[in-house]
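Analysis of the macromolecular model
One-letter residues, chain by chain:
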Amino acid sequence: MPSFDSLLRRTAEGLYCPAGDFHVDPVRPVARAVITHGHADHARSGHGSVLATAPTLAIMQARYGESFAGVTEAVSYGQAVSRNGVRVTLAPAGHVLGSAQVVLSWNGMTIVVSGDYKRRRDPTCPPFVPVPCDVFVTEATFGLPVFRFPDAADETARLLKSVGQFPGRTHLVGVYALGKAQRLIRLLRQAGYGDTLYMHGAIAAMNAVYQAQGVPLGPLAPATESGGDRLPGRIVLAPPSAIADKWARRFADPLPAFASGWMQVRARARQRQVELPLVLSDHADWNELTDTLTELKPQEVWITHGDEDGLLRWATLNGLAARALEISGYGDEDD
Amino acid sequence: MHAFARLLDQLAFTPARNAKLILLRDYLAGAPDPERGWALASLTGALRFETAKAGFIRKAAEARLDPQLFALSYDFVGDLAETVALIWPASPDTGSEPELPEVVEMLRNASRRQVQQLLEGWLDAIADATGRWALLKLLTGGLRVGVSARLAKQALALLGGVKIHDIEDVWHSQEPPYADLFAWLEGRSGRPSALTPGRFRPVMLAQAIDGQPDPPTGDFARYDAADYAAEWKWDGIRVQAVSEKGVRRLYSRTGEDVAPAFPDVVAALDFDGVLDGELLIFRDGHARPFGDLQQRLNRKTADAKLMAQYPAGIRAYDLLVERGQDIRHLPFRDRRERLVSFVTSLRNPRIDLSPLQPFADWAMLAQLRGRPPDGDPQVAEGLMLKRWDSPYEAGRPRGPWFKWKRDPHLVDAVLMYAQRGHGKRSGFYSDYTFGVWRRDANGDLMLTPVGKAYFGFTDEELKRLDKFVRDNTVERFGPVRAVRADRDFGLVLEVAFEGLQRSSRHKSGIAMRFPRINRIRWDKPAREADELGGLERMLDATDRRSG
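Residues numbered from 1 in each chain as written. Chains lettered and ligands numbered in written order. Predicted model: local features only at pLDDT ≥ 70, side-chain atom pairs only at ≥ 80, totals over all residues.

Let us look at the overall build of chain B. When you go through chain B residue by residue, the secondary structure sums to 20 helices and 20 strands. For the C-alpha atoms alone, the extent of chain B along its principal axes is close to 80 × 70 × 45 Å. Here chain B, with 547 residues, has 40% of them falling under the buried criterion. When contacts within chain B are restricted to residue pairs at least 6 apart in sequence, those whose partners lie at least 24 apart make up 69%. (Helix = DSSP H or I, 4+ residues; strand = E, 2+ residues; numbered from the N terminus. Buried ≥ 20, exposed ≤ 12 C-beta atoms within 10 Å, placed from the backbone. Contact = placed C-beta atoms within 7 Å.)

Structure, rendered in structure tokens:
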């Protein structure tokens, strides 16, 4: 049997499948790419051809315009395509809308490139599906045991409680435009919050993509066209960089919040001068990472990016063969 | 534990006082007795566990966790208690989550060995990291969530719809978990008795005087000089010295007992009554500058060497209780008369009288303030004016007492760093670190930071300052920006301050008291800002004058 790296290896452009002659989530333009999800560090423009789920292609188009790739091919979860005899299927990754694991099968071996993923329920995308494999390629964004995230509903409840306690202040929540924003909106709706939510322009564009893909978000309005209303007692969603900067001045005594897995660590929240840190992540936390590896029991674990030292140590303690691929260029957008 | 943990967590991230008040009030309104009482006690520093030490936390972690994973985690998080709280492999099925009163009760009675076991058991039983973090904070006593005893009392006042003096009046007769206090604040019972010997009496404070003395405008025109007595405003900390029925206390003006740090002063309270005065360091019968007192503040105890080097005493302003008789309702004139004979009869070098300064009119007083005579008045903060007919009333009423501070010192400094503000100042660079020129080892003039100021400017000026910071940023460190500041370019800030102290913690060797932006000198070239030598000479001069 050929070795695993005939099916997948690391190159300067990122992960490459020699047998099928295509890349997965390349960090530079290539001839043929398979894209796991729409975050900018994984989905770049300028590839010759792109294979991805329909929502991922829609997200890329919204981000980069019509001509973001030469040719595109939309596949649904579970639908197999062949590339030079390599069977390629996409399985849900539970990370953001359209996110997929890439399952590569060839000559009796299976490698799963999970992209970014999480195991928790997310009301904006289908849940992660574990696929038995010989090699599992995992992220390790939160690959330390200090990252064990609380229930998302608890974090939403804390936000709503604070809105009740400080009706004179605008709650300005920093969120990543793709995924986190829409998930938080859905979580707020599920918690019974029916009021209009106010959006920074960068987030509104992504909301439109989600709505077009059938994710209901409830009443939304632009944060900056409120006719001089400084939106006291309202919730405004904005990219993290905007919440403590000039843009925030227009609001009523703004209360800066930030929804991110990094908010688990107090120093991170203080550095950003966040008053309400919400621990809400679209990545797997420590338990999800280690539970997934325990469940799949692959022959080898390859770690693409994040805190690999912690996960490598865990693998050693648990008798799993693991190695770090040290792919640079991932984790830039959603850290 | 859950609600208390959430409260601590929120307080730690909330910088604004008013927001903290709301968080405290809401918690106190919602939490049951006796939990909220213990929470209050821990927030006001009334709760200490002698047996609990940070070493237990490390020991617990080492016993349970893989050392390599722990080291990686600690390295990332940077705080031991927080790392342990986050990483602890809780197993909530091992027992029910402990409630705060139970934790307090058990810790109070536990031996050191028992504490270690209790700690690990509780860490196992608390399901969320915030709860475990709060437990560890409580255990080591370092809550550090920015709540003073004063703020906690303010929250109680807010909860009960009463004045803070009402809280202070009864506070010292109450013990954790304060069941009577809450019952009163919630209208379920009457006001608890405040008649405990050694209790704190809410302090009377002065308003800053308004207007000009010559020709008189503002308060000087409104009030007649003949109605007022004047004395120096000494530059120490205001204290209330209580000695009743064998109970001796030394309260700060907010009612915190500072007695443990000043055993020398407490030993001198050989009387029956309540004195209002200024806590000062005395040497050869003379008051020392504030910096000397600073050496003894914020300490839990004082050793013999420190007390010999910085002997403390009280300069008396007023007499509130004389041998069991409350005389606060008497006019200042009568109280003063009694104070003089009271203090004279003590014959104790650690307790002297703040002398009155006779004056004919406001203009004459202005001269006195501008040119204080040699000796102790040189280190005074300014003057105090007290109406002869004023009773001693809690709070800061307008009219009976005024403070008339000396003009502040000024220095021209250069803006070096700026940090973003909070709340209404979100998004503005509103906290400014400034420096003055100092010659380095090569003889070149370099800026050295001497202080930080975040008020003294208008909203319009803030916008302009913010723009300056953004346009001239040379480096960023998190929320802080370094701005261009060199011999050829920089923004000069005229900074007002109340005094200087020597400080080994600051690179410049100097710490400023109460610095604020007096004027923004958009016109002044950076190279013309002041040099450190000027500030050092000011410090030397203060030492000489008062020494």
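Within chain A, the regular secondary structure consists of 7 helices and 19 strands. Taking the principal axes of the C-alpha coordinates as reference, chain A spans close to 65 × 45 × 30 Å.

When the parts come together, some accessible area is lost, and that loss is often what is quoted as the size of the interface. On the side of chain B, 26 residues touch chain A, which itself brings 29 residues to the contact. When residues of the side of chain A that touches chain B are traced back to their parent elements, those giving at least two are helix H5 (266-271), strand S17 (276-278) and helix H7 (308-317) of chain A. For the side of chain A that touches chain B, the class distribution of residues is 16 nonpolar, 5 polar and 8 charged. (Nonpolar A, V, L, I, M, F, W, Y, C, P; charged D, E, K, R; others polar.)

All names here are of chain A. Strand order across the open sheet formed by 6 strands is S1-S2-S3-S4-S5-S6, with mixed pairing between neighbours. Each edge of the open sheet is held by one strand with a lone partner, namely strand S1 (9-11) and strand S6 (69-74). Neighbouring strand axes in the sheet, compared pairwise and without regard to direction, differ in orientation by 35° on average. Pairing between strand S3 (residues 22-24) and strand S4 (residues 32-34): 2 bridges, direction parallel. (Pairing = 2+ DSSP bridges. Axes fitted to C-alpha atoms, helices over the stretch in contact; angles between N-to-C directions.)

Further remarks concern the environment of Leu-156 of chain B. Residue and element names in this part refer to chain B. Checked against the element boundaries, Leu-156 lands in helix H10 (residues 149-160). Sequence separation between Leu-156 and Ala-418 is 262 residues, and the spatial gap between their C-alpha atoms is 36 Å. Not counting residues within four places of it along the chain, the set of residues in contact with Leu-156 comprises Leu-28, Ile-167 and Leu-185.

This part takes up helix H4 (residues 54-64) of chain B. Three or four residues apart is the spacing at which side chains of an α-helix point the same way, because the helix has 3.6 residues per turn. Residue and element names in this part refer to chain B. Of the positions making up H4, those classed as buried are Phe-56, Ile-57 and Ala-61. Seen from one end, H4 has its buried residues packed into an arc of 135°, which puts them on one side. Turned more than 90 degrees off the buried face of H4, the exposed positions are Gly-55, Glu-62 and Ala-63. Buried residues belonging to H4 abut helix H5 (67-77), helix H6 (80-87), helix H8 (112-125) and helix H9 (129-140). (Arc of directions from axis to C-beta.)

Our focus in this paragraph is the nonpolar core. In terms of nonpolar packing, the biggest core is built from 215 residues, with Leu-104, Leu-184, Val-236, Leu-237 and Ala-257 of chain A touching the most fellow members. When neighbours within four sequence positions are excluded, Leu-104 of chain A is seen to be in contact with Leu-7, Leu-8, Cys-17, Val-86, Val-88, Thr-110 and Ile-111 of chain A. (Core = buried A, V, L, I, M, F, W, Y, C linked by C-beta atoms within 7 Å.)

This next bit is on the pairing of strand S12 (residues 409-420) of chain B. Residues and elements named next belong to chain B. Most of S12 sits out of view: 9 of its 12 residues are buried. Bridging between S12 and strand S17 (residues 492-497) involves 6 bridges; their strand directions are antiparallel. Among the inter-strand pairings, Val-411 is bridged to a residue of S17, identified as Val-495. Where S12 lies against strand S13 (residues 429-439), 6 bridges are found, and the strand directions are antiparallel. Among the inter-strand pairings, Arg-420 is bridged to a residue of S13, identified as Tyr-429.

Time to look at the packing of helix H1 (residues 2-13) of chain B against H9 of chain B. Two measures define how a pair of helices packs: the angle their axes make with one another and the distance between the axes. Residues and elements named next belong to chain B. The contact between H1 and H9 brings their axes to 8 Å, and the two run at 80°. Judged by the angle between their axes, H1 and H9 are roughly perpendicular. Contact residues: His-2, Phe-4, Ala-5, Arg-6, Leu-8 and Asp-9 in H1; Thr-130, Gly-131, Ala-134 and Lys-137 in H9. Per-class residue counts for the contact of H1 with H9 are 4 nonpolar, 3 polar and 3 charged. (Parallel < 35°, antiparallel > 145°, perpendicular 65-115°, else oblique.)

As a further point, take the environment of Ile-87 of chain B. Within the secondary structure, Ile-87 of chain B sits in helix H6. A count of 25 C-beta atoms within 10 Å places Ile-87 of chain B in the buried class. As a C-alpha pair, Ile-87 of chain B and Tyr-251 of chain B span 164 residues in sequence and 42 Å in three-dimensional space. Discounting residues that sit within four places of it in the chain, Ile-87 of chain B has contacts with Pro-145 and Val-146 of chain A together with Leu-65, Phe-70 and Ser-73 of chain B.

This paragraph deals with the environment of Gly-201 of chain A. Following the sequence through the fold, Gly-201 of chain A ends up in helix H4 (residues 201-212). Separated by 36 residues in sequence, Gly-201 of chain A and Leu-237 of chain A place their C-alpha atoms 9.6 Å apart.

Take the packing of helix H3 (residues 35-43) of chain B against helix H7 (residues 100-109) of chain B next. All names here are of chain B. Contact geometry of H3 with H7 gives a least axis separation of 8 Å together with a crossing angle of 60°. Regarding the angle of H3 to H7, the classification is oblique. Crossing geometry of H3 relative to H7 is assigned as left-handed. Across from Glu-35, Trp-38 and Ala-39 in H3, the residues of H7 making contact are Leu-100, Pro-101 and Val-104. Grouping the amino acids of the contact of H3 with H7 by side-chain chemistry returns 5 nonpolar, no polar and 1 charged. (Left-handed = near helix turned anticlockwise from the far one by under 90°.)

Before going further, it helps to examine helix H2 (residues 152-165) of chain A. All names here are of chain A. Taking 1.5 Å per residue as the helical rise, H2 with its 14 residues ought to reach 20 Å, and the 20 Å between its terminal C-alpha atoms agrees with that figure. Listing the buried residues of H2 in full gives Ala-152, Glu-155, Thr-156, Leu-159, Ser-162 and Val-163. All buried residues of H2 lie within an arc of 120° about the axis, which places them on one face of the element. Of the exposed residues in H2, the ones pointing more than 90 degrees away from its buried face are Ala-153 and Gly-164. Buried positions along H2 lie against strand S12 (171-174), helix H3 (180-190), strand S15 (235-238), strand S16 (255-259) and S17. (Expected span 1.5 Å × (residues − 1).)

Residues and elements named next belong to chain A. Spatial strand order, S14-S13-S15-S12-S16-S17: 6 strands in an open sheet with parallel pairing. Looking at the sheet topology across the chains shown, the edges are occupied by strand S14 (220-222) and S17. Strand-to-strand twist in this sheet, taken as the mean axis angle between neighbours without regard to direction, amounts to 25°. As paired elements, strand S13 (residues 197-199) and S15 share 2 bridges and run parallel to each other. Bridge pairing in S15 links Met-199 to Leu-237.

Put simply, Asp-33 of chain B and Pro-34 of chain B share a cis peptide bond, and its omega is -5°. Its location among the elements puts Pro-34 of chain B in the loop between helix H2 (17-30) and H3. Cis geometry marks the peptide bond from Pro-176 of chain B to Pro-177 of chain B, where omega comes out at 5°. Phi at Asp-21 of chain A is positive, roughly 55°, even though this residue is not glycine. One can find Asp-21 of chain A in the loop between strand S2 (14-17) and S3. At Asp-25 of chain A, a residue that is not glycine, the phi angle is positive and equals roughly 50°.

Residue and element names in this part refer to chain B. The element strand S7 (residues 312-322) is largely enclosed, with a buried count of 9 among its 11 residues. When strand S5 (residues 273-283) meets S7, the two strands line up antiparallel, connected through 9 bridges. In the strand pairing of S7, Leu-280 is matched with Gly-313. When S7 meets strand S9 (residues 351-353), the two strands line up parallel, connected through 3 bridges. Counterpart to Ile-314 in the pairing with S9 is Ile-351. Of the strand pairs in this sheet, S7 and strand S8 (residues 325-326) are connected by 2 bridges, and their pairing is antiparallel. The residue of S8 that forms the bridge with Val-321 is Asp-326.

Read these as geometric descriptors, not functional statements.
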